[in-house]
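# A look at the structure
The residues making up each chain are set out below.
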Amino acid sequence: MIAQVLVEGLILGILLIGICAFGIRNGAVGMVHLYHQNVKDRCVELGLITHEKISKNSKIFKIVCIPGYLLYILVCVYGINGARDFWSGFWQMFVILSVMNLMDRFLVDDYWVGHTKAWIILGTEDLRPYINSEDKRKKWIAGTVGTVSYTHLTLPTIL
């Protein structure tokens, strides 16, 4: 069972990477809503995008991704894996979300954004790193606390 849950976490991480790849298919400015405000403002100053388009992209990202991730997790844990009690649901959700969090931190944030040119927006290079050490600290905390909180709050409503 643990191998299956790990694979489900890997698939969720791959979905995240796929969404990011889709978002930057025409350049990293397509995902500038994930960047700091100074990068967003510079992109608007350079005429690469408008604040309205940034806001729209952010809303679409949240409307599609968050419910999609949650639905995927619930289908895996309850539909496929057949969890029927709090603890079996909790540990499965925790593992799936933790694997995705690790992929996001190491593969997306550290490697893809930090060490490739794919996420560089021309004219904003002086504002790098796009994900600084404070961001990384917050993401590690949010990823860990968020995973525990989500699984703890979701399970009682499902069961």
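Everything that follows concerns the structure shown earlier in this document.
So, here is what we can say about the structure in this document. (Residues numbered from 1 in each chain as written. Predicted model: local features only at pLDDT ≥ 70, side-chain atom pairs only at ≥ 80, totals over all residues. Heavy atoms only, no water.)

Right, let's get into the packing of helix α3 (residues 51-80) against helix α4 (residues 86-115). Put simply, α3 and α4 touch, their axes get as near as 10 Å, and they point 135° apart. It follows that α3 is oblique to α4 by the angle criterion. Relative to α4, α3 is oriented so that their crossing is right-handed. Facing Y69, Y72, I73, L74, C76, V77 and Y78 of α3, the residues of α4 in contact are G89, Q92, M93, I96, L97 and M100. (Axes fitted to C-alpha atoms, helices over the stretch in contact; angles between N-to-C directions. Helix = DSSP H or I, 4+ residues; strand = E, 2+ residues; numbered from the N terminus. Parallel < 35°, antiparallel > 145°, perpendicular 65-115°, else oblique. Left-handed = near helix turned anticlockwise from the far one by under 90°. Contact = heavy atoms within 4.5 Å.)

Taking 1.5 Å as the rise per residue, α4 with 30 residues should run 44 Å; its terminal C-alpha atoms sit 40 Å apart, in good agreement. The sharpest bend along α4 measures roughly 30° and falls at V108. The backbone nitrogen of W87 has a side-chain oxygen 3.2 Å away, supplied by the residue at the start of α4, namely D85. (Expected span 1.5 Å × (residues − 1). Bend = angle between axes of the 7 residues up to and from the residue. Polar contact = N/O pair within 3.5 Å; in protein donor to acceptor, adjacent residues only side chain to side chain.)

Bringing the environment of I121 into the picture now. Structurally, I121 is set in the loop between α4 and α5 (133-158). A relative accessible area of 3% places I121 in the buried class. Spatially, the C-alpha atoms of I121 and C43 are 8.1 Å apart, while their sequence positions differ by 78 residues. (Buried < 20%, exposed > 50% of the residue type's maximum accessible area, 1.4 Å probe, protein only.)

The tally for this structure, following the rule as stated, stands at seven salt bridges. For the salt bridge of R137 with E134, the shortest nitrogen-to-oxygen distance reads 2.6 Å. With a gap of three residues between them, R137 and E134 both fall in helix α5, about one helical turn apart. A relative accessible area of 42% places R137 in the partly exposed class. When the shortest N-O distance is used, the salt bridge between E134 and K138 registers 4.0 Å. Here E134 pairs with K138, and both are found in helix α5, just four residues apart, close to one helical turn. (Salt bridge = Lys/Arg side-chain N within 4 Å of Asp/Glu carboxyl O.)

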